[in-house]
Amino acid sequence: QVQLVESGGGLVQPGGSLRLSCALSGFTLDYYAIGWFRQAPGKEREGVSCISVSDGSTYYADSVKGRFTISRDNAKNTVYLQMNSLKPEDTAVYYCATDTSWTTGRCRSYEYDYWGQGTQVTVSS
């Protein structure tokens, strides 16, 4: 079975850091993009950061540029989201997902096919 399992969420103070991990397994068809998305209470799901599997091209939402970094470890079939200088507005459930294609310059949740269960990130003092 296709599985994406997020981990690494938790409670952190403003200005702190977290690293989220997404372990991928069970894929029969190739995927070409991996993304991190988040959904806060009362808000729609938004793309945070996405990466192309083939060439490493990345996308970041304006709100996280300079603070978040997406990366992947092909050998471990794992993608990471390093989150620094966290703000209360970063509080959300964070999901990882895969897509069968990559389009430069966008990271849209409705284009992604397989999703993890999510991990809660809470930024509060």
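Let me begin by describing the structure that accompanies this report. Please read all numbers here as calculations on a predicted model, not as lab measurements. Residue numbers here run from 1 along each chain, matching the order of that chain's written sequence. Whole-chain, interface and lining totals are the exception, using all residues; otherwise, since this is a predicted model, local features are given only for residues with pLDDT of at least 70 and side-chain atom pairs are given and counted only at 80 or more. Side-chain metrics in this entry use all non-hydrogen atoms of the structure; hydrogen atoms and water are not considered.

### What to know about the sheet that holds strand β3 (residues 18–25)
Strand order across the open sheet formed by 4 strands is β1-β3-β8-β7, with antiparallel pairing between neighbours. Of all strands in the sheet, those bounded by a partner on one side alone are β1 (3–7) and β7 (68–73). For this sheet the average axis-to-axis angle between neighbouring strands, irrespective of direction, equals 15°. Should DSSP find at least two bridges between two strands, the strands are taken to pair. A run of H or I in DSSP counts as a helix once it spans at least four residues, and a run of E counts as a strand once it spans at least two, with each numbered from the N terminus. Looking at chain direction, β7 and strand β8 (residues 78–83) are connected through 6 bridges and run antiparallel. Looking at β8, one finds that isoleucine 70 is bridged to leucine 81. An axis is simply a line fitted to the C-alpha atoms; with a helix, the fit covers only the stretch in contact. Between two such axes, the angle follows the N-to-C directions and lies from 0 to 180 degrees.

### Digging into empty space enclosed by the protein
Method remark: on a 1 Å grid restricted to protein atoms, a set of points is classed as a cavity if a 1.4 Å probe fits but cannot get out and as a pocket if it is open with protein on both sides within 12 Å along at least five of seven lines; lining residues have an atom within 4 Å of a point. Grid points are joined across faces, edges and corners, and a volume is the space filled by probe spheres set on the points. Under the defined criterion, the tally for this structure stands at 1 cavity of 30 Å³ or more. By volume, the largest cavity is sized at about 40 Å³. Surrounding the largest cavity, Ala33, Asp99, Ser101, Trp102, Thr103, Arg106, Cys107, Arg108, Glu111 and Tyr112 form its lining. Classifying every residue of the lining of the largest cavity by side-chain character gives 4 nonpolar, 2 polar and 4 charged. Under the grouping applied here, Gly and all other residues not named as nonpolar or charged are polar, the nonpolar ones being Ala, Val, Leu, Ile, Met, Phe, Trp, Tyr, Cys and Pro and the charged ones Asp, Glu, Lys and Arg.

### Observations concerning the layout of surface pockets
Size it by volume and the largest pocket reaches roughly 160 Å³. Lining the largest pocket are 13 residues, and of these Arg38, Ala40, Lys43, Glu46 and Glu89 sit closest to its centre. Looking at the lining of the largest pocket residue by residue, the class counts come to 2 nonpolar, 3 polar and 8 charged.

### Structural notes on the pattern of salt bridges
Here, a salt bridge means any side-chain nitrogen of Lys or Arg that lies within 4 Å of a carboxyl oxygen of Asp or Glu. In this structure the tally under the stated criterion is 5 salt bridges. One salt bridge in this structure joins aspartate 62 and lysine 65, with 3.2 Å as the shortest N-O distance. For the pair aspartate 62 and lysine 65, a shared accessibility class is recorded, and that class is exposed. Among the charged side chains, a network of salt bridges with common partners joins Arg38, Glu46, Arg67 and Asp90. Residue exposure (1.4 Å probe, protein chains only): buried if accessible area is under 20% of the type maximum, exposed if over 50%, otherwise partly exposed.

### Examining the state of the cysteines
Any pair of cysteine sulfurs within 2.5 Å is marked as a disulfide. Within this structure, the stated rule accounts for 2 disulfides. Here cysteine 50 connects covalently by a disulfide to cysteine 107, the sulfurs 1.8 Å from one another. The chirality of the disulfide connecting cysteine 50 with cysteine 107 is right-handed, given an S-S dihedral of about 55°. With cysteine 50 in strand β5 (residues 46–52) and cysteine 107 in the loop between β9 (92–99) and β10 (114–115), the pair connects residues that are 57 residues apart, well separated along the chain. Residue cysteine 50 is classed as buried on the basis of its relative accessible area, which comes to 0%. The exposure class assigned to cysteine 107 is buried, which follows from its relative accessible area of 8%. Taking only the cysteines that form disulfides and numbering them from first to last, the protein chain has the pattern 1-3, 2-4.

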